[in-house]
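A closer look at the structure
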Amino acid sequence: EQAIDFIDEIVLGGAHASTPNKCHLIGNSCGGLLASLLAARHPQKIASVSLINPTPVWGSNLPFWDGRLPAPAIPRAIGRFMY
């Protein structure tokens, strides 16, 4: 909610905005996960989302890996194959 408060007050102009605005989010690495979550939870405030080198594994609650590096052999092999 802190990020949405920042977007509301600083980026979109808060209560002083004369018209409803939307912002464009750019997320790099873990910021890609945050940008995706913000856009999913508050689509009325987001015009577009650009993900740069996003980390799809972190936050996915995978049963065999918590996202810490180095990755176990199987997730590492899958990542090399897919990316």
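The structure under discussion appears in the preceding block.
The structure displayed is predicted, hence computed values, not measured ones.

All right, on to the nonpolar core then. Counting residues in hydrophobic clusters, the biggest one holds eight residues: Ile4, Ile7, Cys23, Leu25, Ala35, Leu38, Ala39 and Ile46. Considering every element that reaches this core, the biggest residue donor is helix α2 (residues 30-41), with three residues. Among all residues touching Ala35, those that are not within four sequence positions of it are Leu25, Gly27, Val49 and Leu51.

Only one face of strand β1 (residues 23-28) is buried, namely the one carrying Cys23, Leu25 and Gly27, since none of His24, Ile26 and Asn28 on the opposite face is buried. Sheet topology places β1 next to strand β2 (residues 46-52); six bridges connect them, and they run parallel. Following the sheet pairing, Leu25 is matched in β2 by Val49. Crossover handedness for the path β1 to α2 to β2: right-handed.

We now examine α2. With twelve residues, α2 extends 17 Å between its outermost C-alpha atoms, agreeing within 8% with the 16 Å of an ideal straight helix rising 1.5 Å per residue. Those residues of α2 that sit buried are Gly32, Ala35, Leu38 and Ala39. All buried residues of α2 lie within an arc of 130° about the axis, which places them on one face of the element. Facing away from the buried side of α2, by more than 90 degrees, are the exposed residues Ala40 and Arg41.

A cluster of nonpolar side chains, contributed by Ile74, Ile78, Phe81 and Met82, occupies part of the molecular surface with about 500 Å² of accessible area. With respect to the helices, strands and loops of the structure, Met82 is situated in helix α3 (residues 73-82). Looking at Met82, the relative accessible area reads 54%, which means it is exposed.

Rules and cut-offs
Residues numbered from 1 in each chain as written. Predicted model: local features only at pLDDT ≥ 70, side-chain atom pairs only at ≥ 80, totals over all residues. Heavy atoms only, no water. Core = buried A, V, L, I, M, F, W, Y, C linked by side-chain atoms within 4.5 Å. Buried < 20%, exposed > 50% of the residue type's maximum accessible area, 1.4 Å probe, protein only. Helix = DSSP H or I, 4+ residues; strand = E, 2+ residues; numbered from the N terminus. Contact = heavy atoms within 4.5 Å. Pairing = 2+ DSSP bridges. Right-handed = clockwise from strand over helix to strand, strands pointing away. Expected span 1.5 Å × (residues − 1). Arc of directions from axis to C-beta. Patch = residues over 30% accessible without salt bridge, like charges linked within 9 Å, V, L, I, M, F, W, Y side chains within 5 Å. Areas by Shrake-Rupley, 256 points an atom, 1.4 Å probe, with all protein chains shown as cover. Salt bridge = Lys/Arg side-chain N within 4 Å of Asp/Glu carboxyl O.

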